[in-house]
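One letter stands for each residue in the lines below.
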Amino acid sequence: MSLTSCLLPFPQSSTAPLASTCCCHLAASFSSFPHETVVSEAAAPASAPHVANSMGSASAAPPVANMAFASCNSQSKAFQESKSAKDFCVHVSSNFSIFMQMYLAMMDMECSLKFLTSIFLTLFLLGSYSAYENVRLVDAREDNEKHYVTLQVEASNAIGRPIPETLFGIFFEEINHAGAGGLWAELVSNRGFEAGGQIIPSSIWPWSIIGDESTISVVTDRSSCFERNKIALRMEVLCNSSGCPSEGVGVYNPGYWGMNIEEGKKYKVTLYVRSTGDIDVSVSLTSSNGSLTLASEQIIALASEVSKWTKKEMLLEANGTDDGARLQLTTTKNGSIWFDQVSAMPVDTYKGHGFRNDLFQMMVDLKPRFIRFPGGCYVEGDSLSNAFHWKETVGAWEERPGHFGDVWNYWTDDGLGHFEFFHLAEDLGAAPIWVFNSGISHHDQVETARIMPFVQEALDGIEFARGDANSTWGSVRAAMGHPKPFGLKYVAVGNEECGKKYYKGNYLEFYNAIKKAYPDIKIISNCDGSSQPLDHPADYYDFHAFVSEYAARGKPDANKGNLLALGEAGFLLGLEKNSDVVGMVSYAPLFVNINDPMWIPDAIVFNSSHLYGTPSYWVQQFFTESSGATLLSSTMEGDSSYVEASAISFQSNGSDYIQIKAVNFANVTVELKVKMTGLDSNNTKASAKKKKVLTSASVMDENSFSNPEMIKPQESIGVMPGWNFTVVLAPNSFASFDI
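Residues numbered from 1 in each chain as written. Predicted model: local features only at pLDDT ≥ 70, side-chain atom pairs only at ≥ 80, totals over all residues. Heavy atoms only, no water.

Q: Would you mind showing me how to read the pattern of salt bridges here?
A: Charged atoms that come close allow side chains of opposite charge to pair. On inspection of all chains with the given rule, the structure shows 23 salt bridges. Note that Asp348 and Lys265 form a salt bridge whose closest N and O atoms lie 3.7 Å from each other. With Asp348 in the loop between strand 16 (335–346) and helix 7 (357–364) and Lys265 in the loop between strand 10 (259–261) and strand 11 (266–275), this residue pair connects regions lying 83 residues apart in the sequence. Across the pair Glu313 and Lys268 runs a salt bridge whose closest N-O atoms are separated by 3.3 Å. In this pair, Glu313 is assigned in strand 14 (residues 310–317) and Lys268 in strand 11, connecting sequence segments 45 residues apart. Classification of Glu313 by relative accessible area gives partly exposed; the value is 46%. (Salt bridge = Lys/Arg side-chain N within 4 Å of Asp/Glu carboxyl O. Helix = DSSP H or I, 4+ residues; strand = E, 2+ residues; numbered from the N terminus. Buried < 20%, exposed > 50% of the residue type's maximum accessible area, 1.4 Å probe, protein only.)

Q: Whenever I open this one, the packing of aromatic side chains confuses me. Can you help?
A: For any two aromatic rings, the description comes down to two numbers: the centre-to-centre distance and the angle of the planes. One pass over the structure, following the stated rule, counts 31 aromatic pairs. With centroids separated by 3.9 Å and ring planes inclined at 25°, the aromatic side chains of Tyr350 and Phe360 adopt a geometry described as stacked. Of this pair, Tyr350 sits in the loop between strand 16 and helix 7 while Phe360 is found in helix 7, placing the two residues ten residues apart along the sequence. Relative to Phe464, the ring of Phe419 lies with its centre 6.4 Å away and its plane at 85°, an arrangement referred to as edge-to-face. Of this pair, Phe419 sits in helix 9 (residues 418–428) while Phe464 sits in helix 10 (residues 452–466), and the two are 45 residues apart along the sequence. (Phe/Tyr/Trp six-rings, centres within 6.5 Å; stacked < 30°, edge-to-face > 60°.)

Q: Sorry, what's going on with unusual backbone geometry here?
A: Both trends apply: most residues other than glycine have a negative phi, and most peptide bonds are in trans. Along the chain, Trp205 connects to Pro206 via a cis peptide bond; the corresponding omega equals 10°. With respect to the secondary-structure elements, Pro206 resides in the loop between strand 5 (168–171) and strand 6 (208–210). In this structure, Pro601 follows Ile600 across a cis peptide bond, with omega equal to 10°. Considering the arrangement of structural elements, one finds Pro601 in the loop between strand 26 (591–593) and strand 27 (604–606). Located in the positive-phi region is His177, a residue other than glycine, with phi close to 55°. Within the secondary structure layout, His177 lies in the loop between strand 5 and strand 6.

Q: How should the confidence of the model for the protein chain be read in this particular structure?
A: In regions of low pLDDT, the predicted coordinates are not meant to be interpreted in detail. Predicted confidence across the protein chain gives a mean pLDDT of 83, with 78% of residues reaching 70 or more. Note on residues 1–109: pLDDT under 50 across the span, and 149 contacts to partners over four residues away in sequence or across chains. Note that residues 135–143 has pLDDT below 50 and, in this model, six contacts with residues that lie over four places away or in other chains. (pLDDT = per-residue confidence, 0-100. Contact = heavy atoms within 4.5 Å.)

Q: Help me understand the state of the cysteines in this model?
A: A covalent bond bridging the sulfur atoms of two cysteines is what the word disulfide describes. The full count for this structure, using the stated rule, is two disulfides. In this model, Cys239 is linked to Cys244 through a disulfide, with the two sulfur atoms separated by 1.6 Å. Its S-S torsion of about 105° marks the bond between Cys239 and Cys244 as right-handed, since a negative value means left-handed. The buried category is assigned to Cys239, whose relative accessible area is 7%. Among the residues examined, Cys244 registers a relative accessible area of 15% and is labelled buried. The disulfide that involves Cys498 links it to Cys527, with 2.0 Å between the sulfurs. Since a negative S-S torsion denotes a left-handed disulfide, the Cys498-Cys527 link at about 95° is right-handed. Taken as a pair, Cys498 in the loop between strand 21 (490–493) and helix 12 (503–517) and Cys527 in the loop between strand 22 (522–525) and strand 23 (540–541) lie far apart in primary sequence, 29 residues in all. Overall, Cys498 belongs to the partly exposed group, its relative accessible area being 24%. (Disulfide = S-S within 2.5 Å.)

Q: What should I look at first to understand the nonpolar core in this one?
A: Nonpolar side chains in soluble globular proteins tend to end up buried together. In terms of nonpolar packing, the biggest core is built from 92 residues, with Ile371 and Phe734 touching the most fellow members. Here Phe734 is in contact with Leu566, Ala569, Leu573, Val619, Phe622, Phe623, Lys661, Ala662, Val663, Lys692, Val693 and Leu694, once residues within four sequence places are set aside. (Core = buried A, V, L, I, M, F, W, Y, C linked by side-chain atoms within 4.5 Å.)

In structure tokens, the structure reads:
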């Protein structure tokens, strides 16, 4: 046996060098002794190592070696399970047995027993001490892998501080096709053929032709009956004497990366048509390649009936399902046909208001107290000509010209317009916050001396929302089906523009005019007043008193997963505890169509038929009871560098609750002891405890369409032993406890 091979198996502890050196010197001293001995097989346990004698037969280690095994086996479970402990036990037993065989072959029995006893005692003591050191190190490591923190809560509402009613809300921006092709349930993309611009001929994308050049010609012209959107589609059918293909020729629209058509559901199709001759047009919902018809209806009319623009409506009921379906307009009859303003809407939308049900429900589940709209950069535009102008988005949808959002680079028909945004806020039960253009885009600025037309547009937009049904713009709202005013109490002047040359001058013009006409409206400035007082009046300032857009974002790996959400959880707990300064908070962006992710991360990911919430979305659900609650005074004791926590009290369905929220940033377990004072023990009793935990096996885990609930809060109900209790926070987790 070599000295090197002897040293290797010993545990890496402070006693290992001493023990290994001793044993190795002993082994080396007897390395020349013959390895021949005879030991009773029955004397050794089954686990004892066997050695080969000089005759080649296997012999068990001598009984004294078995005592070394017994010593090792008597150690703590933690030590037994460690690799170093196992190596040590095998080393002592195997090497000691070899040594004893060598030694017994040379010594007479009486001398050998005396010498053997002293050698054994030496090795036994060394082995025991080494085992003790390993147990101590294992226990110390286990202690180091768990943190202990105490949260002391003063649970009396009298000492607590009210949290603003509007603290947590949502921000909707037309980005990532959040509205067009998302929340707004319209299935047809570029329904008015305006997306290609006003210069003809123009692109009709995403419309495509069914047929070839020998059978059909398609071109845009400016013949529409709608003054604000003059582009229409002209389809010239040119089939020869043999006739058109049996399936017909025409055009189709795939919607926004496929239309979600579901069996048994109904879809309202509306279009405008005219022709110089008789028409026989099939209006069909088909599979993605057109091979399967899911629903269809014919438009048959004489030339005299369609010589002028005529509105046609039909209700199609699907006999099949396809989430990549398309809408087709086809014919087998020669002649010229014009189409304009082609719409397909599911009948089943939220309250019939046009909002996609599943996406709307995701918003409802956040219980938002406000909704900021219609966007940030979307409101500004890269140039003012492409900014959001609310007057272009009200009235009949056929009359809306639509516009190109040049910041996020896609066309919207503006079916989701000024009226629909206020309707959305009302349906959510959330206070509307209207963001309007301040005369500034990313690359244009209107001088303050010339800003008054923009000020008047803002005043008109407020009148649309709040004005009497007989007022100029209130009457437009009433004509759209909402005679009662919307409850607009907050407006924001521009978006992230404080550093622009004319912003403050423009802002003051807006502020003075609005306060004069509507003194109760709260006005939000873009400028930051957290480090020093603002030099202009404002009810809120963005982005501190109003944190209008937050999200954890950074390097690619930090843009997804549970890691991102935990950072946001800690941030929101801080805002909740500082809600005497912070009045409103909203995440951004809210939605992303997976086919056009202009910004990452986002809260809700969707396609034409499915969706899932990201961890960032689920973190927001932990704060649904915070707005209007009472922040309880609390302090942390112990190593709180890895933990952030808060305590609130709130009411729900007539019952009083205390909620503890805690985020554990560490990758080790934290034991959180909660101690409450200030409660009347005679009149207040703790009942069931609802526990909600958000965590995952890896901080980089993420939800997906294939696994949409990989990271989702897990809820459980437990018995509440009293107001003082201990909870275990899993590594990298966010948890709440409702008592």
